[in-house]
Structures are given as structure tokens and as C-alpha cells.
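# Notes for the structure review
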Amino acid sequence: MVNSLQVKEFEAEQEVRSLEWSFDNIANLFSQPFMDLLLRAQVVHRENFHANSVQLSTLVSIKTGGCPEDCAYCPQSVRFETGVQDQNLMTTEAVVDAAKLAKVNGASRFCMGAAWRGPKDRDLDRVAEMVSAVKALGLETCATLGLLKDGQAEKLREAGLDYYNHNVDTSPEQYGEIISTRTQKDRLDTLQKVRSAGLSVCCGGIIGMGESREDRVRMIELLANMNPYPESVPINNLVRVAGTPLEGSDPVDSFEFIRMIAVARITMPRAMVRLSAGRSEMSDEMQALCFMAGANSIFYGDKLLTTDNADALADINLFERMGIETTRDVLN
Ligand code: SAM
Ligand code: DTB
Ligand code: SF4
């Protein structure tokens, strides 16, 4: 247990080392008493954002299932029997309809996800067309299409893409147990391409895949020491989908999950920390503690990609009860 004197010393040290987060410093954050950690995260949050404001992003799966990769958490891998119905790349018209609906419902960002290892050039041309059409509606645009080849990030940028989502998923140490068909280095290369093209980076990971506290620290270390760190950091609680190798994973202790949000907030003070997959299993009180810990964005809408999201009306009701303003209040 860290005593208050140690925390003071640690804070002084952190000021000097502004950008770098060592393993020990992150581990020390994690092991602070829960209240101390939450208070600190809330202070950092208030220094950088409106305290009572949450951003809403809506996801749509533009190409579903049949993915050749073997990500052990994913219902869309062709290798697992999960009952997901494959669906070819949607038409631009259908995507625009979904985006209009998302906007009417109050989302400020529209995120298009595709179950690919990475896009072929002709797929990318079609996604670029979708991005331009969604951008023209006045929404922020995000895409998550897998690994990118040289030049593809630039094409997306030119089409009007704002964010590219590509997650590190877990610690470097655990990564090989979860995915064998591409390395974490492959992912970091794609993130570099995204950065170089001038896109904003959305990058986070998943909690609840049997990882240790040390793995969680290592994942934060990877994210927080990116220079610059990602603009958006989705923290997903594993959705345990029947048929995937991880369906029987033990649920994560709620306090540990909230700690993860708080540590992400403290180490990446200006990032949008998104309370992502897994909200449909969380109580209102659990979500409230995640917002207290510095989460300031959610996926909003009835579906994530293939699984059910928390009910949108329940979300609105929760925000009303908490006095939280969302992009829905601002935009409509
Ligand atoms: N195929 C692309 C890729 O892998 O980059 C884009 C879509 S993929 C579904 C996007 C992210 O969703 C994954 O990197 C993972 O972090 C998250 N994800 C997928 N299945 C999940 C699950 N069952 N629970 C929580 N997060 C999940
Ligand atoms: C992210 O980090 N989480 C989202 C989004 N980025 C693409 C996806 C969650 C997917 C959950 C499982 C599913 O619905 O298929
Ligand atoms: Fe394919 Fe992405 Fe799912 Fe991995 S996470 S199996 S790459 S859709």
C-alpha cells in the first residue's frame, strides 16, 4: 500500500518526467486506495474537461463476420462458431441512413467498423466514399478497418476521416495468447501510418481476458507513452460471446475495471476515455463510478458491432439523473 508521503514524492517525480510513465509509476497509481485514486482522476478530469459532460459515438458494422483473423475475443472471426450472420460491405446509402439516425439520436461521432484483416484497395475506395458522405452530414467520422497499407490512411484522411480506431488490445506480454495471425508490432505500424497521415488516433484495449494486474499496467504503459498519446482511448470490458475461446473468462472485479479507467484518465489527461464494450452488463452505479473516474465518452445506440449495447433510453435516463450533459443535449 502506498502511503501519502510516497504519493507526494511520486507526484513530484511525475511533474519532472512529464511525458514518460514508467511501469512502477503506473503500478503505484493502480495500487492507491480506491478513493484516493478516484479523487485524483476526477481532479485531472476537471482540469482538462467539463466535469459533467459525456460525448456519444455510434458504431455501425459496415462489413460483418467471416474475418480471417483469430482474435480470441471476437465473434466475427471465421474460425469460431458464434452465430454471427456474415454481411457484405454495406452500400453508401445504407451507411448514410444509419448515420442520419445516429445524428438525430444525438451522437456526435459515427464509427464504421469492418471485419477485415485490412482493407483491399477497392474496399478502401468504397469506404472513402462512405466517409465523405457521413462527414457531409456534419458528424465526426471514425473508421476501424484493421491493418492499413502505405497510402491508405492518406486516402481516408483526404475523404474526410477524423479518427482511425485500432486497438493494442492488451499488454505486449499477453498479446500472443490472444491473437496469432498478426503481431502487436503490426498494429503499432498501422497506428504510425495513421498518425503520419494526420488522422487522430483512437486506441485502447480490452479488460477481462484473463490478464493480470501487471498486464493492465503494461497496456497503459504502451498507450500513455505513445508520443503523442491517443486522442481517444476506448476501454472495453470483454463481451463474452458464446463460441469464442474467451467465452468462459472470469468477469473482472468492478473496482479493478474502474481503476483502469482512472489510471487511463490520469496518465492520458486530455484523451477522451471511452467506456466502451460491456456497458450492458454494468449497473447504473458502476457506470457512474466510471464517469467519476474520468470516462467521458460512450458508445451509444442499440448495437456495438454485432452484440447488444446498453439501451439508449436507459443511457439518457442515467445521464438525466446524474445531471450529465451529452452531445445529444448540445446538438438537438
Ligand atoms: N477488424 C478490425 C480490427 O480488428 O482492427 C476492426 C474491428 S474490431 C471488432 C475492433 C475492436 O473491437 C478490437 O480491436 C477489440 O478491441 C474490440 N472487440 C472486438 N470484440 C470484442 C469483444 N467481444 N469484447 C470487447 N471488445 C471487443
Ligand atoms: C472498440 O474499442 N470497441 C468497439 C469499437 N472499438 C470498434 C467494438 C466493440 C465490439 C464488441 C463486440 C461486438 O459487438 O462485436
Ligand atoms: Fe477480425 Fe477485427 Fe474481429 Fe480480429 S477483431 S477477428 S481482425 S474483426
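Residue indices begin from 1 for each chain and proceed along its sequence in written order. Labels follow written order: the first chain is A, the first ligand is 1, and so on. The model is predicted, so local features are restricted to residues of pLDDT at least 70 and side-chain atom pairs to those at 80 or more, both for listing and for counting; the totals for chains, interfaces and linings are taken over all residues. Where side-chain values are given, they derive from all heavy atoms of the structure, hydrogens and water being excluded.

## As for the overall build of the protein
- A run of DSSP states H or I qualifies as a helix once it reaches four residues; a run of E qualifies as a strand once it reaches two. Both are numbered from the N-terminal end. Per the secondary structure count, the protein includes 13 helices and 10 strands.
- In terms of its C-alpha atoms, the protein occupies a principal-axis envelope of roughly 60 × 45 × 40 Å.
- Within the protein, the fraction of its 332 residues that count as buried is 57%.
- A separation of at least 24 residues holds for 75% of the contacts in the protein among residues at least 6 apart in sequence.
- To be clear on the numbers: accessible area is Shrake-Rupley with a 1.4 Å probe, and residue cover counts the displayed protein chains and nothing else. By element, 50% of the accessible surface of the protein is carried by carbon and sulfur atoms, the whole surface being about 14400 Å².
- Distance from the positive charge centre (34 side chains) to the negative charge centre (47 side chains) of the protein: 4 Å. Burial classes: relative accessible area under 20% of the type maximum marks a residue as buried, over 50% as exposed, and values in between as partly exposed (1.4 Å probe, protein chains only). Contact criterion: two residues are considered in contact whenever any of their non-hydrogen atoms come within 4.5 Å of each other. Counted as positive: Lys and Arg. Counted as negative: Asp and Glu. His and the chain ends are not counted at all. For charged residues, the charge sits on one atom: NZ in Lys, CZ in Arg, CG in Asp, CD in Glu.

## Quick word on the site of ligand 1
- When at least one non-hydrogen atom of a residue lies within 4 Å of a molecule or strand, that residue is treated as near it. The immediate surroundings of ligand 1 are formed by 15 residues, with Y73, N167, D169, R182 and V239 found nearest.
- Pairing of N or O atoms within 3.5 Å defines a polar contact, subject to two protein rules: one partner must be a possible hydrogen donor and the other a possible acceptor, and residues neighboring in sequence count only if both atoms are side-chain atoms. For ligand 1, an oxygen atom lies 2.9 Å from a polar atom in the side chain of N167.
- Between ligand 1 and V239 there is a distance of 3.0 Å, counted from a nitrogen atom to a backbone nitrogen or oxygen.
- Expressed as a share of its isolated accessible area of 560 Å², the protein-covered part of ligand 1 is 91%.
- Under this grouping Gly is polar, as are all residues other than the nonpolar Ala, Val, Leu, Ile, Met, Phe, Trp, Tyr, Cys and Pro and the charged Asp, Glu, Lys and Arg. Considering only residue class, the shell around ligand 1 consists of eight nonpolar, five polar and two charged.

## Some points on the site of ligand 2
- Taken together, L59, P75, T144, N165, N167, P234, N236, F299, L304, L305, T306 and T307 make up the full set of residues adjacent to ligand 2.
- Against a free-state accessible area of 410 Å², the protein chains account for coverage of 89% of ligand 2.
- Residue composition of the shell around ligand 2, grouped by class: six nonpolar, six polar and no charged.

## Observations regarding the pattern of salt bridges
- Salt bridges are defined by distance alone: a side-chain nitrogen of Lys or Arg within 4 Å of a carboxyl oxygen of Asp or Glu. Using the criterion set out here, one finds 17 salt bridges in the structure.
- In this structure, the salt-bridge partner of K155 is D125, at a minimum N-O distance of 3.4 Å. Placement of K155 in helix α6 (residues 152-159) and of D125 in helix α5 (residues 121-135) is noted, with a sequence separation of 30 residues between them.
- For R279, the salt bridge identified is with D315, shortest N-O distance 2.8 Å.

## Some details on the pairing of strand β1 (residues 53-63)
- Taken across its 11 residues, β1 has 10 buried, putting it largely inside the fold.
- Any two strands between which DSSP finds at least two bridges are classified as paired. Note: β1 against strand β10 (residues 325-326), two bridges, orientation parallel. Bridging across to β10, S53 finds its partner in E325.
- Relative to strand β2 (residues 109-114), β1 runs parallel, the two sharing six bridges. Considered in β2, the bridge of T58 is made with F110.

## Describing the nonpolar core
- Formed by 81 residues in total, the largest nonpolar core has its most connected members in I62, L145 and F257.
- Counting residues per element, this core draws most heavily on helix α10 (residues 254-267), which supplies eight residues.
- Dropping the residues within four chain positions of it, F257 is found in contact with I207, I235, N236, N237, V252, L275, M282, M286 and C290.
- Residues grouped as a nonpolar core are buried Ala, Val, Leu, Ile, Met, Phe, Trp, Tyr and Cys residues, joined through side-chain atoms within 4.5 Å. Within the second largest apolar cluster, 11 residues are counted, among which are A72, Y73, Y175 and L246.

## Section: helix α11 (residues 284-292)
- Taken residue by residue, α11 has M286, Q287, C290 and F291 as its buried positions. For α11, the angular spread of buried residues about the axis comes to 145°, placing them on one side.
- Against α3 (34-48), β1, α10, β8 (272-275), β9 (297-299) and α12 (312-322) lie the buried residues of α11.
- Two residues or fewer past α11, G294 is found with a positive phi of approximately 115°. Summarising the geometry, the arc corresponds to the directions from the helix axis toward the C-beta atoms.

## Brief notes about the side chain of H45
- Following the sequence through the fold, H45 ends up in helix α3.
- Judged by relative accessible area, which is 1%, H45 ranks as buried.

## Here's the deal with the pairing of strand β7 (residues 232-237)
- Counting buried residues in β7 gives six out of six residues, a clear majority hidden from the surface.
- Neither face of β7 is open: one carries S232, P234 and N236, the other V233, I235 and N237, and all of them are buried.
- The sheet contact formed by strand β6 (residues 205-207) and β7 spans three bridges and is parallel. Within β7, the position partnered with G205 by the bridge is I235.
- A clockwise course of the path from the first strand over the helix to the second, judged with the strands pointing away from the viewer, identifies a crossover as right-handed. Regarding topology, helix α9 (residues 213-224) serves as the crossover connection from β6 to the parallel β7, and that connection is right-handed.

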